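Analysis of the macromolecular model
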Amino acid sequence: MPNTLDKTFVENGPWKKDTFHGKVVFVTGGAGTICRVQTEAMVLLGCKAVIVGRNPEKTRKTAHEIGQLVHDPHSCLPISSVDVRNVDQLHEAVKVAIQKFGRLDYVIAGAAGNFLADFTHLSSNAFKSVVSIDLLGSFNTVKACFPELVKTKGSVLFVSSTLHYYGVPFQSHVGAAKAGIDALSNALAVEMGPLGLRFNCVAPGAIANTEGLARLTKNDSSSDLSEMIPLQRLGTTVDIANTTVFLFSPAASYITGTIHVVDGGAWHVGTQI
Ligand code: HXC
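Residues numbered from 1 in each chain as written. Predicted model: local features only at pLDDT ≥ 70, side-chain atom pairs only at ≥ 80, totals over all residues.

**Quick look at the overall build of the protein chain**
Stated precisely, the cut-off is as follows: Think of it this way: any DSSP run of H or I at least four residues long counts as a helix, any run of E at least two long counts as a strand, and we number them from the N terminus. Throughout, the radius of gyration refers to the C-alpha atoms, and the reference size of a globule is 2.2 Å times the residue count to the power 0.38. Three classes are used. A residue is buried when 20 or more other C-beta atoms lie within 10 Å of its own, exposed when 12 or fewer do, and partly exposed in between, with C-beta atoms placed from the backbone. We call two residues in contact if the C-beta atoms placed from their backbones are at most 7 Å apart.
A count of helical and extended segments in the protein chain gives nine helices and seven strands. Against the 2.2 N^0.38 benchmark of 19 Å for 273 residues, the protein chain shows a C-alpha radius of gyration of 18 Å, consistent with a compact globule. With the C-alpha coordinates of the protein chain rotated into their principal frame, the extents come out at 45 × 40 × 40 Å. Counting the 273 residues in the protein chain, one finds 47% classified as buried. Of the contacts formed within the protein chain by residues at least 6 apart in sequence, a portion of 75% connects residues at least 24 apart.

**Quick word on the pairing of strand β4 (residues 106-109)**
Short version of the rule: Any two strands between which DSSP finds at least two bridges are classified as paired. Assignment of crossover handedness uses the view with strands pointing away from the viewer, where a clockwise path from the first strand over the helix to the second indicates a right-handed crossover.
In β4, alternate side chains face the same way, and those of Tyr106 and Ile108 on one face and Val107 and Ala109 on the other are all buried. Note that β4 and strand β5 (residues 155-159) share four bridges and pair parallel. Residue Ile108 lies in a different strand from β5, and its bridge partner there is Leu157. The β-α-β motif built from β4, the intervening helix α5 (residues 124-152) and the parallel element β5 has right-handed crossover chirality.

**Concerning the site of the ligand**
To keep it simple, the criterion reads: We call a residue near a molecule or strand if the C-beta atom, set from the backbone, is within 6 Å of it. The nonpolar class holds Ala, Val, Leu, Ile, Met, Phe, Trp, Tyr, Cys and Pro. Asp, Glu, Lys and Arg form the charged class, and all remaining residues, Gly among them, are polar.
For the ligand, the set of nearby residues contains 20 residues, the closest of which are Ala112, Gly113, Ser123, Ala126 and Gly212. Of all the elements in the fold, those that place two or more residues in the shell around the ligand are α5 and α7 (211-216). In terms of residue count, the dominant contributor to the shell around the ligand is α5 (five residues). Class assignment of the residues belonging to the shell around the ligand gives a composition of ten nonpolar, eight polar and two charged.

**So, helix α6 (residues 172-192)**
One turn of the α-helix equals 3.6 residues, which is why residues spaced by three or four share an orientation. To be explicit about the condition: To estimate how far a helix should reach, multiply one less than its number of residues by 1.5 Å.
Here α6 is 21 residues long and its end C-alpha atoms lie 30 Å apart, about the 30 Å a rise of 1.5 Å per residue gives. Within the span of α6, buried status applies to His173, Val174, Gly175, Ala177, Lys178, Ile181, Leu184, Ser185, Leu188 and Met192. On its buried face, α6 sits against α5, β5 and β6 (198-204).

**With respect to the sheet that holds β4**
The condition is simple: Orientation is described by axes fitted as lines to C-alpha atoms, over the contacting stretch for helices, and by angles from 0 to 180 degrees between their N-to-C directions.
Pairing is parallel across the open sheet formed by seven strands, whose spatial order is β3-β2-β1-β4-β5-β6-β7. At either end of the open sheet lies a strand with only one pairing partner, and these are β3 (76-79) and β7 (259-262). For this sheet, the mean inter-axis angle between neighbouring strands, taken without regard to orientation, is 15°. Here β5 runs beside β6; their pairing, made up of five bridges, is parallel. Directly across from Ser155, in β6, lies its bridge partner Arg198. Lying on the sheet, α5 is in contact with β1 (24-28), β4 and β5; it crosses β4 at an angle near 175°.

**Structural notes on the nonpolar core**
In summary, soluble globular proteins display a tendency toward joint burial of nonpolar side chains. Rules: The nonpolar core criterion groups buried Ala, Val, Leu, Ile, Met, Phe, Trp, Tyr and Cys residues into a set whenever they are joined through C-beta atoms within 7 Å.
Ala49, Val50 and Val107 are the most contacted members of the largest nonpolar core, which totals 79 residues. Once you skip the residues sitting within four places of it in the chain, Ala49 turns out to touch Val25, Val27, Thr39, Met42, Val43, Ile66, Ser75 and Cys76.

**Considering the confidence of the model for the protein chain**
Applied cut-off: pLDDT measures how confident the predictor is about each residue, on a scale from 0 to 100.
Of all residues in the protein chain, 99% attain a pLDDT of 70 or more, and the chain-wide mean is 96. Highest mean pLDDT in the protein chain belongs to β5 (99); lowest belongs to α7 (83). Predicted complex, confidence summary: ipTM 0.95, pTM 0.96.

**Thoughts on the packing of α5 against α6**
Note the threshold: These descriptions rest on fixed angle ranges, namely under 35 degrees for roughly parallel, over 145 for roughly antiparallel, 65 to 115 for roughly perpendicular, and the rest for oblique. Each crossing gets its handedness from the near helix: less than a right angle anticlockwise from the far helix is left-handed, clockwise is right-handed.
Here α5 crosses α6 at 15°, and the two axes come no closer than 8 Å. The pairing of α5 with α6 is recorded here as roughly parallel in orientation. Note that α5 runs across α6; the crossing there is right-handed. Along its contact with α5, which presents Ala126, Phe127, Val130, Val131, Asp134, Leu135, Ser138, Phe139 and Val142, the element α6 presents His173, Val174, Ala176, Ala177, Lys178, Gly180, Ile181, Leu184 and Leu188. Looking at the contact of α5 with α6 residue by residue, the classes come out as 13 nonpolar, three polar and two charged.

**Some points on the pairing of β5**
When you tally the buried positions in β5, you get five out of five residues, the bulk of the element. Burial along β5 is two-sided: Ser155, Leu157 and Val159 facing one way and Val156 and Phe158 facing the other are all buried. For the crossover that starts at β5, traverses α6 and ends in the parallel β6, the hand is right-handed.

Okay, here's the thing in structure tokens:
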């Protein structure tokens, strides 16, 4: 199944076409598989998007393709050579985004890094790299976007996981980082609630055809995995996109400080992915 949306997402789905008309979403990791489809869904529903990434060619190409979905090359702005570990680069990216679109309403903090490594082969620098991309990068993203989000009473969605609900071997670095993201989101939800800002997490389980799943399940077939999931299938990027749309939409205006697990019920039965 291709990891990209088309106009049938709007035509056949439950969402209203112009749900996000006049709004702007800022996405880190927007050229990656899951965040790309989250961005596509927002753009198809009328939002403008800014995708921020490290790789110039990948970021530019992805933005171009997202723009083509709505036949508007200006609907998705690529900003590349930005490493979320560097808050100054994010501040610059926000400046460019504001010059282009004038506002920020939503943030998807999705930039992440992962690899399987047992503790004895996980160097201090490797642990730091993943925690810095996932957790510090999420903090930096909110830090840079915050002044604009205050103006629009905006909403943030962090991309978490279910790894840290149990102890997943060879994932101590990612589990620690994602647990931190949940804690960051909860704290900011409470602290910033009085300003009208909302902070939530989406926690994907095994999502088909993603780099993350490929990295974690080198030897498992998708049918083996599906049998271990109560809903008997892998998740899709559309499942995450739909959750994203819901959490940013006015239908979720009283929802903050939550973690939306989208895993087909897997973690309830201890399926570690
Ligand atoms: C052990 C490793 C390693 C591996 C890198 N390192 N790969 N150690 N096993 N497979 C070590 C390096 O040796 C180095 O430590 C340290 O990590 C930093 O490596 P660099 O290559 O210098 O870092 P950097 O260029 O910043 O790259 C960061 C990265 C890389 C995380 C290591 O993989 C990356 O950029 N990934 C982005 C893409 C990605 O991971 N996508 C998947 C996201 S999915 P030393 O000690 O040698 O200096 C996802 C899902 C999570 O996150 C949830 C799943 C359910």
